[in-house]
Amino acid sequence: MRENVTISYRGASYEIGRGQDFYGIWAAGAPRSHPFERWPKTPEGWYGAWSRFTAIEAPGTIIPVGQAPGLPGQAAVPASVPASVPASVPASVSAGVSAGQALGPAGQALGPAGHATGPAGQALGPAGHATCPAGQAGQALGPIGRATGPADLGTAPAASAGIRGVIAAVLLAVGVACGVAGLFPGYIGGASLAQEPAELWPHAIYFAAWTASALLILPGGTRLRAGALLGIGTSIVTFGLFFADAGTAIAGGAHLIGAGLVLGLAGWLACAAGSAAAFGLRPAGAPGRPAGNEIGPLLALTLAALGAAVAFAPSWDSYTLRASDGLTQSLTAGNAFANPALVIAGDVAVMVALVAVVVAAALWRPVLQGAALLAGAIIPMAAQAISALVALGEATTPALFGIPSAQAAQAGLTISSGVTPAFWIYCAFIVALVVLCVRMLMPPRSAALDATPLATSTLS
């Protein structure tokens, strides 16, 4: 398929430009129909593409080729975009730079008359705020474009976003604190999670993921988006797990609900709210249409997620009972569909959420943000495998099968535990997801590192 592509900048290993409806990065010398990363053709998309390009290209090797891409629907103008976008330039102004506007001495985009402009070409007033086009000099535009009074001139949008980022991180911290506090009181039926290592480990892993999300959100910038997606992926998948726990208690009677379960549910809610709040602070990515060379990874991730979801349902625990007279009996436990209806609903929600989040992560652009979302989905599912392995080291009592200890001792009954083949199949799919996630974090190697850069900037 022939596609009109304009290459705007070229480095030693990569090129950046635009197609019909996207901005993209290509390996130097690679076919123009197969960008290895693409972004929507918007100012935010160009800013994301340029940030990614300067991050993976060798410093000092980027040179302009022809003209820089303009805003959608506008003709491009000669570019003065530097080899990297200054860190001090706000995202809104950097988006204007991506339209091919010249940079002023302070890193602001210059309009036709040399005046610093905002994202829509408005003159910038004090502190870099966009002023009203009707000549209301010095009045900054508020969040929805209304002119604000002089008292608002010192309040930068970045400061507001920073405060909201702190609030999101605090919500995550509160959620983690509630979850940790919930490890010690009774969870279901009086027993606490801290008393059961097989239950303690997965919850501790969930809280570690949310803690990492909060730490990524606090500094802001590109890390904020990765932290938000990590937290969202973890929250979506763990919803079904916490729902199944609540369903177990409800099915057995409200008296089984312990303070630990209540704190755990409150912790999940706070962490989910914090992740969602952070997600709305930095609009820089979204699922996109995969290119031809992206179909393979998409299929691989989808198949691995489907395999893990299917293998999550069967019994994982295997027990062998041996009596002193040589008689043996083998039993399995843990089938997701051999539970009360509410527990089944929670387990099904986990399986559906895993597949949905993995597919969304595979389609997400930029790819690095998709990897963060994918990691958020993998972590709680890997925690389930760790829980099963921890349970293997715990002693199995006859009471688990309704056999009194005295009767088991009289019969010389011994019990050995193991895992079923379904567990190992599940682990194989989780490992495949981990490998694919790591692969998303690695920029592809150029197919023509030593090749001469193409002389033509536009190919059809």
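From a predicted model like this one, the values you see are computed outputs, not experimental measurements.

On to the overall build of the chain. Helix and strand counts for the chain come out as 11 helices and 15 strands. Residues classed as buried in the chain amount to 43% of the 460 residues present. Taking the contacts inside the chain whose residues are at least 6 apart along the sequence as the reference set, 63% of them involve residues at least 24 apart. Total accessible area on the chain is roughly 21,200 Å²; 66% of this is exposed by carbon and sulfur atoms.

Our focus in this paragraph is the sheet that holds strand 11 (residues 317-322). The 3 strands are arranged 12-11-14 in an open sheet whose pairing can be described as antiparallel. Two strands in the sheet have a free side with no partner beyond their single neighbour: strand 12 (328-333) and strand 14 (414-419). The average angle at which neighbouring strand axes cross in this sheet is 20 degrees, direction not considered. Inspection of the sheet shows strand 11 paired to strand 12 by 6 bridges, in the antiparallel sense. Bridge pairing in strand 12 places serine 318 opposite threonine 332.

Of the pockets and cavities examined, the second largest pocket occupies roughly 1,600 Å³. In terms of lining, the second largest pocket is formed by 43 residues, of which the most central are Glu199, Asp317, Gly334, Gln384 and Ser387. Elements represented by at least two residues in the lining of the second largest pocket include exactly strand 8 (186-188), strand 9 (191-192), helix 4 (197-217), helix 5 (222-252), strand 11, helix 8 (341-363), helix 9 (367-392) and strand 14.

Attention now goes to the nonpolar core. Counting 68 residues, the largest nonpolar core has Trp210, Phe312, Leu374, Met381 and Tyr426 as its most contacted members. Mapped onto this core, the elements with two or more residues apiece are helix 3 (157-181), helix 4, helix 5, helix 6 (259-279), helix 7 (295-312), helix 8, helix 9 and helix 11 (421-441). With 11 residues, helix 9 is the largest single contributor of residues to this core. Apart from the residues lying within four places of it in its own chain, the contact partners of leucine 374 are Leu301, Val358, Ala361, Leu433, Cys437 and Met440. Counting residues in hydrophobic clusters, the runner-up holds 13 residues, among them Ile16, Trp46, Ala49 and Phe53.

The predicted model of the chain averages 78 in pLDDT, with 74% of residues at 70 or higher. In the model, residues 446-460 has pLDDT below 50 throughout and makes 28 contacts with residues more than four positions away in sequence or in other chains.

The final tally for this structure, using the stated rule, is 15 aromatic pairs. Look at tryptophan 46 and tryptophan 50: their rings are 5.8 Å apart centre to centre, the planes differ by 35 degrees, and that puts the pair in the tilted class. Linking tryptophan 46 with tryptophan 50, this pair stays in helix 1 (residues 43-56), spanning 4 residues, or about one helical turn. Pairing tryptophan 316 with tyrosine 426 gives two aromatic rings, centres 4.6 Å apart and planes at 50 degrees, and the pair type is tilted. Residue tryptophan 316 is located in the loop between helix 7 and strand 11, and its partner tyrosine 426 is located in helix 11; the two are separated by 110 residues in the primary sequence. The class for tryptophan 316 is buried, based on a relative accessible area of 10%. Residue tyrosine 426 is classed as buried on the basis of its relative accessible area of 0%.

A cis amide bond links arginine 365 with the next residue in sequence, proline 366, at an omega value of 5 degrees. Secondary-structure assignment places proline 366 in the loop between strand 13 (364-365) and helix 9.

All right, on to the pattern of salt bridges then. For the structure on display, the rule yields 4 salt bridges. Among the salt bridges present, the one from aspartate 21 reaches arginine 289, with a minimum N-O distance of 3.3 Å. Pair noted here: aspartate 21 is in the loop between strand 2 (14-18) and strand 3 (22-27) and arginine 289 is in the loop between strand 10 (286-287) and helix 7, with a separation of 268 residues, a long-range link. With relative accessibility at 41%, the residue aspartate 21 sits in the partly exposed group. For glutamate 37, the salt bridge identified is with arginine 52, shortest N-O distance 2.6 Å. Of the two residues, glutamate 37 sits in strand 4 (residues 37-40) while arginine 52 sits in helix 1, which places them 15 residues apart along the sequence.

Attention now goes to the pairing of strand 3. Of all 6 residues in strand 3, 6 are buried; the element is thus mostly enclosed. Residues Phe22, Gly24 and Trp26 of strand 3 are buried on one face, and the alternating residues Tyr23, Ile25 and Ala27, pointing to the opposite face, are buried as well. Direction of pairing for strand 2 relative to strand 3: antiparallel, over a ladder of 5 bridges. Bridge pairing in strand 3 links glycine 17 to glycine 24. In textbook terms, the turn of a hairpin is the stretch between consecutive antiparallel strands, and for strand 2 and strand 3 this stretch comprises 3 residues. As judged from the 4 bridges shared by strand 3 and strand 4, these two strands associate in the antiparallel manner. Within the sheet, the bridge partner assigned to glycine 24 lies in strand 4 and is arginine 38.

Another aspect to go through is the packing of helix 5 against helix 8. The contact between helix 5 and helix 8 brings their axes to 7 Å, and the two run at 175 degrees. With respect to helix 8, the axis of helix 5 lies roughly antiparallel. In contact with Gly233, Ile236, Val237, Gly240, Leu241, Phe243, Ala244, Gly247, Thr248 and Ile250 of helix 5, helix 8 contributes Leu342, Val343, Ala345, Gly346, Asp347, Ala349, Val350, Ala353, Leu354 and Val357. Classifying every residue of the contact of helix 5 with helix 8 gives 14 nonpolar, 5 polar and 1 charged.

Conventions adopted
- Residues numbered from 1 in each chain as written.
- Predicted model: local features only at pLDDT ≥ 70, side-chain atom pairs only at ≥ 80, totals over all residues.
- Heavy atoms only, no water.
- Helix = DSSP H or I, 4+ residues; strand = E, 2+ residues; numbered from the N terminus.
- Buried < 20%, exposed > 50% of the residue type's maximum accessible area, 1.4 Å probe, protein only.
- Contact = heavy atoms within 4.5 Å.
- Areas by Shrake-Rupley, 256 points an atom, 1.4 Å probe, with all protein chains shown as cover.
- Pairing = 2+ DSSP bridges.
- Axes fitted to C-alpha atoms, helices over the stretch in contact; angles between N-to-C directions.
- 1 Å grid on protein atoms, 1.4 Å probe; cavity = no way out; pocket = protein on both sides within 12 Å on 5 of 7 lines; lining within 4 Å.
- Points joined across faces, edges and corners; volume = space filled by probe spheres on them.
- Core = buried A, V, L, I, M, F, W, Y, C linked by side-chain atoms within 4.5 Å.
- pLDDT = per-residue confidence, 0-100.
- Phe/Tyr/Trp six-rings, centres within 6.5 Å; stacked < 30°, edge-to-face > 60°.
- Salt bridge = Lys/Arg side-chain N within 4 Å of Asp/Glu carboxyl O.
- Parallel < 35°, antiparallel > 145°, perpendicular 65-115°, else oblique.
- Nonpolar A, V, L, I, M, F, W, Y, C, P; charged D, E, K, R; others polar.

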